[in-house]
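Examining the three-dimensional arrangement
These are the residues of each chain, in order.
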Amino acid sequence: MAYDDLRSFLSTLEQEGQLLRITDEVLPEPDLAAAANATGRIGENAPALYFDNVKGFTDARIALNVHGSWANHALALGLPRNTPVKEQVEEFARRWDAFPVAPERREDAPWRENTQEGADVDLFSVLPLFRLNDGDGGFYLDKAAVVSRDPEDPDDFGKQNVGTYRIQVIGKDRLAFQPVPMHDVAQHLRKAEEVGEDLPIAITLGNDPVMAIVAGMPMAYDQSEYEMAGALRGAPAPIATAPLTGFDVPWGSEVVIEGVIESRTRQIEGPFGEFTGHYSGGRKMPVIRVDRVSYRTSPVFESLYLGMPWTEVDYLVGPNTCVPLLKQLRAEFPEVQAVNAMYTHGLMVVISTAKRYGGFAKAVGMRAMTTPHGLGYVSQVILVDEDVDPFNLPQVMWAMSAKVNPKDDVVVIPNLSVLELAPAAQPAGITSKMIIDATTPVAPDIRGNFSTPAKDLPETAEWAARLQRLIAARH
C-alpha cells in the first residue's frame, strides 16, 4: 500500500497496533523527547507516539517515532509488520531496480488550506516547538524534507534535491541551517553564493513515510528522490507546485515553508544532540529567511528524537544507507553480496564479498570509502566472506576473531574526509579511515590455515524453519 500523506500512515499504524496515543497531559519538555527516547529502549517493535494534550499548547498534534521500529519501517514500505530486517533490506534493493518512476503532479494539496506571508509569518504560531535534548541550543526541525535546485541548471528535475538536514528555529521567520559539505544542497548553495545570490528553498514537514526515507538516502547528484520514492512505493509519488518558489514538493505534507538561504550570511547554530550519540558544538551556519508558510488546518507536527543509538533515526536511515552502497559497489564489483551500513548512518560498514584474487576485499573496502556517501561517512569497513551474513553480528565477530591478522589485515589511511559532526574527527571534517579484512585469504595470498572450514550441515536450514514453525505453534 502506498501512503500519500502522514495521516493515512498514522491510521495504518494504529490499526496494526503500532501507534500509541498519549491522552494524559504532558510537559513539552522533558516529556515529549523523553518518551521518544524511551521507545528506543523497549525493543525493536516500539510504536509511534501521538500527543494532543501538551501543557502550554492549545491545539498541538505531535507525532514521534513514526519510523522508529522495524515493524513501522516494514509498514511504511507496505510490507507485513513482522517482516524480518534482512528481508526488508532485500525488498528495498529489489524495488531500487524499478527506479526511476516518474511522479504524479496533483492540484489542491491539503497544505494550501492556510497561509502566512511576509511580515505575518510566525513559525511559533504554527508549530508546537520543543527541545529534543536538554543541551540543545534551541528548537529544531529535524525530520523535514528540504527541496533546493541547482542554480546553474534549475530546470533539470534530477538535480532538484530533496534532503534531510538539521534546522534550528532562531526567530519567528528565521532558521539556521546546516548543509553538510558532501550533500547536494551544499553544492547548490556554493553555486548561488559564488555569484552573490540567495538560494531559494522549500522545507516540508509531516511527509508521507516513503518521502521521509528517500530524503535521507545517499543518491547520485542527478538522481531524483521523487523518482526513487515512486520505485519504493510501487506507485508514482504525488507532488505539487510550491506557490512561492515554484519547486516540486510532496503533495501530502502537513506544512510547507518557503524562503531563501541568504547569500553569505552566517549565524551561530547549535549545539545539538546528534545521531552520533554526542552533542555537536555551535558553529556559524547559513541563515534562512522564511517568506511564506502554507499548512493544513490543525497540522500534525512530526519530529524525530535522536541521540545515543538506537533511536528512530537509526531505523529510518539504516536500510536506505545499506542499499545505495550495495548497488554502487556491485556495479563495479559484482562479487559484493550484502552491505550492512546500519550503524551511525554508515560511519561503520560491514560488507560481505566473494574475491577474485588476493587483496581483492581491501579494494572493495577502499571503494566503499569513495562512494558519494562514503566520502562523508564510511570511516570503518569490515570485509567478510560471501557466506558470512553481515547483519548477523555473531558471525561477523567470529570472522573478526578467527580470520584477522592485525599486521596484514588492518589498513589505516590518514587524512580523509568525513562529515564535521563525526566526534572522532580531528580537525573537524578530517579523519583516518580503517579497513579490516576479515575474509579468507585466496591465492596468491596464502597466509594462515583456513583449508578445512566447518560448515552448517546440509539439513540445518530445513530444521531451522521446522523449529520456528513448532515454536510459533505454541503461542
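Here the residue numbering is sequential within each chain, running from 1 through the sequence in written order. Selection of residues for local features in this predicted model requires a pLDDT of at least 70, selection of side-chain atom pairs for listing and counting requires 80 or more, and totals for whole chains, interfaces and linings are taken over all residues. The side-chain numbers reported here are obtained from all heavy atoms of the structure, hydrogens and water having been left aside.

What follows concerns the UniProt feature "binding site: Mn(2+)" (unreviewed entry) in the protein. UniProt positions are given in the numbering used here, feature names are shortened, and annotations may be inferred rather than shown by experiment. Mapped onto the present numbering, the UniProt feature "binding site: Mn(2+)" (unreviewed entry) falls on N161, H183 and E225. Taken along the chain, the residues just named run across 65 residues; in space they keep tight, none of their C-alpha pairs more than 13.4 Å apart. Mapped onto the secondary structure, N161 falls in strand 8 (residues 161-163). Throughout, a contact is declared for two residues whenever any of their heavy atoms are within 4.5 Å. Setting aside its immediate chain neighbours within four residues, N161 contacts V146, V147, S148, D184, V185, H188 and E225. Setting aside residues up to four positions removed in sequence, H183 forms contacts with Y165 and Y377. Secondary structure elements follow DSSP: runs of H or I no shorter than four residues count as helices, runs of E no shorter than two count as strands, and numbering proceeds from the N terminus.

Helix span, as expected, comes to 1.5 Å for every residue beyond the first. Look at helix 4 (residues 85-96): 17 Å from first C-alpha to last across 12 residues, which is about the 16 Å you get at 1.5 Å a residue. Every buried residue of helix 4 is accounted for by Q88, V89, E91, F92, A93, R95 and W96. Of the surrounding elements, those touching the buried residues of helix 4 are helix 3 (70-76), helix 7 (209-214), helix 8 (225-233), helix 10 (319-332) and strand 19 (336-343). For every residue, the accessible area obtained with a 1.4 Å probe (protein chains only) is divided by the maximum for its type, and the residue is called buried under 20%, exposed over 50%, and partly exposed between those limits.

For the rest of this paragraph, the subject is the UniProt feature "active site" (unreviewed entry) in the protein. Feature annotation in UniProt places "active site" (unreviewed entry) on E274, given in this structure's numbering. Tracing the backbone shows E274 in the loop between strand 15 (272-273) and strand 16 (279-280). Under the relative-accessibility criterion, E274 is labelled buried at 6%. In this view, E274 contacts R166, S280, L306, G307 and L421; residues no more than four positions away in its chain are not counted.

To continue, consider the packing of aromatic side chains. Centres within 6.5 Å make a pair out of two Phe, Tyr or Trp rings, where for Trp the six-membered ring is used; the pair is then stacked when the planes are under 30 degrees apart, edge-to-face when over 60, and tilted otherwise. Summed over the entire model, instances satisfying the criterion amount to 12 aromatic pairs. With centroids separated by 5.0 Å and ring planes inclined at 75°, the aromatic side chains of W70 and Y315 adopt a geometry described as edge-to-face. With W70 in helix 3 and Y315 in helix 9 (residues 312-317), this residue pair connects regions lying 245 residues apart in the sequence. Residue W70 is classed as buried on the basis of its relative accessible area of 7%. Three or more aromatic residues joined by ring pairs form one cluster here, namely W70, W310, Y315 and Y343. Note on criteria: charge over ring means Lys NZ or Arg CZ within 6 Å of the ring centre, with the direction from the centre no more than 35 degrees off the ring normal. Positioned above the aromatic ring of W251, the side-chain terminus of R106 is 5.1 Å from the ring centre. Between R466 and the ring centre of W463, over which it is positioned, the NZ or CZ distance is 4.3 Å.

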